[in-house]
Amino acid sequence: MKKYVCSVCGHEYDPEVGDVDGGIAPGTAFEDIPDDWVCPVCGATKDQFEEVEE
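Residues numbered from 1 in each chain as written. Predicted model: local features only at pLDDT ≥ 70, side-chain atom pairs only at ≥ 80, totals over all residues. Heavy atoms only, no water.

1. Concerning the side chain of Asp 19
Turning to step 1, where the next piece is worked out: Tracing the backbone through its elements, the reader meets Asp 19 in the loop between strand E2 (12-13) and strand E3 (49-51).
Turning to step 2, where the next piece is worked out: Beyond its immediate sequence surroundings of up to four residues, Asp 19 is in contact with Tyr 13, Ile 24, Trp 37 and Pro 40. (Helix = DSSP H or I, 4+ residues; strand = E, 2+ residues; numbered from the N terminus. Contact = heavy atoms within 4.5 Å.)

Structure follows, in structure tokens:
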């Protein structure tokens, strides 16, 4: 699964870790996160995240 990074603050969403505090279970692909989810660090919306090129 691909990682995504917040273009506002640089927080990286790792699907293997998820966002437990935000209600996103480990193993959840970024595409499967609800559209109303926001960055747990700065509150940026999901559309402000960019795919990490590896």
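2. Focus: the packing of aromatic side chains
When we look at a pair of aromatic rings, we describe it by the centre distance and by the angle of the planes.
Turning to step 1, where the next piece is worked out: Per the stated rule, a full pass over the model turns up six aromatic pairs.
Turning to step 2, where the next piece is worked out: Between Tyr 4 and Phe 30 the ring centres are 4.1 Å apart and the planes differ by 15°, which places this aromatic pair in the stacked class. Remark: Phe 30 occurs in the loop between E2 and E3 and Tyr 4 occurs in strand E1 (residues 4-6); sequence separation between them is 26 residues.
Turning to step 3, where the next piece is worked out: Of the residues examined, Phe 30 reaches a relative accessible area of 6% and is grouped as buried.
Turning to step 4, where the next piece is worked out: Their ring planes at 90° and their centres at 6.2 Å tell us that Phe 30 and Trp 37 sit as a pair that is edge-to-face. In this pair, the class of Phe 30 matches that of Trp 37, namely buried. (Phe/Tyr/Trp six-rings, centres within 6.5 Å; stacked < 30°, edge-to-face > 60°. Buried < 20%, exposed > 50% of the residue type's maximum accessible area, 1.4 Å probe, protein only.)

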